[in-house]
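# A look at the structure
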Amino acid sequence: MDFNQLRSLPVLDAHIHLPFPALVTDLEELTDEMNLERINLVSTPDVAEINHNPAVIAYKAKHPTTTFICGGLDHFSVQLDPAHMPEAFAAQVRSLHEAGFDGLKLLESKPIARKMINIPMDGPIYAPMWAELEALSMPVVWHVADPEEFWDEEKCPAWVKQSGWFYGDGTYPLKETLYAEVETVVSRHPNLKVILAHFFFLSADLPRAARFLDAHPNVCFDLTPGSEMFFNFMQDFNASREFFLKYQQRLIFGTDSGASAVGKPGQPLNRAETLGRTYFVRDFLENAGALEIPDGVAHWRRPGQEPQGLSLPAEALQNIYAHNFERLFEKTPRALQLSKCVEMLENQANFLDQSARTTVNSSARQVAVQLSQI
Ligand SMILES: [Zn+2]
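Everything in this summary refers to the structure shown in the same document. (Residues numbered from 1 in each chain as written. Predicted model: local features only at pLDDT ≥ 70, side-chain atom pairs only at ≥ 80, totals over all residues. Heavy atoms only, no water.)

We now examine the overall build of the protein chain. Secondary structure assignment for the protein chain yields 14 helices and 12 strands. The globule rule puts the C-alpha radius of gyration for 374 residues at 21 Å, and the 20 Å found for the protein chain is close to it. By its C-alpha atoms, the protein chain is 55 × 45 × 40 Å across when sized along the principal axes. The buried share among the 374 residues of the protein chain stands at 56%. (Helix = DSSP H or I, 4+ residues; strand = E, 2+ residues; numbered from the N terminus. Rg over C-alpha atoms; globule rule 2.2 N^0.38 Å. Buried < 20%, exposed > 50% of the residue type's maximum accessible area, 1.4 Å probe, protein only.)

For the rest of this paragraph, the subject is the nonpolar core. Soluble globular proteins tend to bury their nonpolar side chains together. Grouped together as the largest cluster of nonpolar side chains are 106 residues, with contacts concentrated most on Trp130, Trp142, Phe221, Phe244 and Leu285. For this core, the element with the highest residue contribution is helix α11 (residues 271-286), accounting for 6 residues. Excluding anything up to four places from it in sequence, tryptophan 142 contacts Leu106, Ser109, Met121, Trp130, Val182, Val185, Val194, Ile195, Leu196 and Ala197. Listed in part, the 12 residues of the second largest apolar core include Ala14, Phe68, Val141 and Ile252. (Core = buried A, V, L, I, M, F, W, Y, C linked by side-chain atoms within 4.5 Å. Contact = heavy atoms within 4.5 Å.)

Since the α-helix turns once every 3.6 residues, residues separated by three or four places project in the same direction. If you check which residues of helix α8 (residues 206-215) are buried, you get Leu206, Ala209, Ala210, Phe212 and Leu213. Viewed end-on, α8 has its buried residues packed into an arc of 165°, placing them on one side of the element. In α8, those exposed residues whose orientation departs by more than 90 degrees from the buried face are Pro207 and Arg211. Against the buried residues of α8 lie α7 (175-188), β8 (194-196), β9 (219-222), α9 (228-233) and α10 (237-246). (Arc of directions from axis to C-beta.)

In the first shell of the zinc ion, the protein supplies His15 (NE2), His17 (NE2) and Asp256 (OD), at 2.1 to 2.2 Å from the metal. Along the chain, the residues donating to the zinc ion fall in the pattern H-x1-H-x238-D. In this structure histidine 17 comes out as buried when scored by relative accessible area, which is 6%. (Donors = N, O, S within 2.8 Å, 3.2 Å for Na, K, Ca; no water.)

In this structure, the second largest pocket spans a volume of roughly 400 Å³. For the second largest pocket, the lining is made up of 19 residues, of which Asp74, Ser77, Gln92, Met344 and Asn347 are closest to its centre. Those elements giving two or more residues to the lining of the second largest pocket turn out to be β4 (50-51), α3 (85-99) and α13 (338-356). The element that contributes the greatest number of residues to the lining of the second largest pocket is α13, accounting for 6 residues. A class-by-class count of the residues in the lining of the second largest pocket yields 8 nonpolar, 8 polar and 3 charged. (1 Å grid on protein atoms, 1.4 Å probe; cavity = no way out; pocket = protein on both sides within 12 Å on 5 of 7 lines; lining within 4 Å. Points joined across faces, edges and corners; volume = space filled by probe spheres on them. Nonpolar A, V, L, I, M, F, W, Y, C, P; charged D, E, K, R; others polar.)

Take the environment of asparagine 287 next. Inspection of the secondary structure assignment puts asparagine 287 in the loop between α11 and β11 (288-290). Taking C-alpha positions, asparagine 287 is 4.3 Å from serine 311, a pair spaced 24 residues apart along the chain. When near neighbours in sequence (up to four residues on either side) are disregarded, asparagine 287 contacts Leu6, Arg282, Gly309, Leu310 and Ser311.

So, about the pattern of salt bridges. This structure, assessed with the given rule, holds 16 salt bridges. Note that lysine 62 and glutamate 28 form a salt bridge whose closest N and O atoms lie 3.0 Å from each other. On the criterion of sequence distance, the pair formed by lysine 62 in helix α2 (residues 53-62) and glutamate 28 in helix α1 (residues 24-33) is long-range, its members being 34 residues apart. Taking the shortest distance from any N to any O, the salt bridge between lysine 340 and glutamate 98 comes out at 3.3 Å. Of this pair, lysine 340 sits in helix α13 while glutamate 98 is found in helix α3, placing the two residues 242 residues apart along the sequence. On the accessibility criterion, glutamate 98 (44% relative accessible area) is partly exposed. (Salt bridge = Lys/Arg side-chain N within 4 Å of Asp/Glu carboxyl O.)

That's the geometry; what it means functionally is another story.
Pasting the structure below:
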């Protein structure tokens, strides 16, 4: 696994998680080592921290020209006044935009989150938020559903069950219910810019993926694993390569680096996993022949099955590595408004303090203090 063996092209990783500000240095070192030119950090809801907005702000404050950030919603403070949730979510999006966030990240359609939060994505509560995102031309990175085997007791892998992502007990929304909500939202908002994460979990059904992309020109898929995608694509290698060539302007490189650090304060970024993810997705796109899955992501391996590389031409790689993201976002990240960021972080820290009835050493407090000293 030698990053210098990969194509010398500018690469933007559009899907990295940074849950804690303490991980900033780890990520700086890894992005250098992996030759990433730019990154997009995605913040999700978090039961202890509210969301990862503090950490992604801290990173962007240090790397303002190379870091895009997609904010996460606050599902906690809105509970104080449930009747006004629709306006509150729209106002959150406006505040994120004013603070210099580049986009919004939604994990709210991952089955476990959709079950817990229990707000239909296409219902009245989120309706003003979608309208606001469309009006602001603010892109959304949206995780919807999961691989179909996660609903299937027999096919669901053991590591998935251990993560609490087996959905076959009848209490979780069905995959098709989640898809129907997306269909309604993107049909209602044709100018909404959307990146559906993890290939929209349609890698086992490329004709359906093609129909969806044809019907919704402002939607892209990111290529963030779900490692199942590499094996699904092998069902018909030629059709898959054809798909990548035909839809090369609708696919976006991403890795989910940092995702395994979510909810685990005090742990470093998993270096082997981060390098393994990034190397393998690039190896798959760039090279030909049977590919070795790196040790850092050994849990992706399937005995007797070897993914083959797509060896895409340079033009397709440039689209996937940067141009498609730039078309939805901008070439350079929006400027952070530091005073607005500090205000937002202090509100978040105060809310956590009040909820705990004591002073909490939250990420929001740490980053608010850091930024006030700039
Ligand atoms: Zn992710």
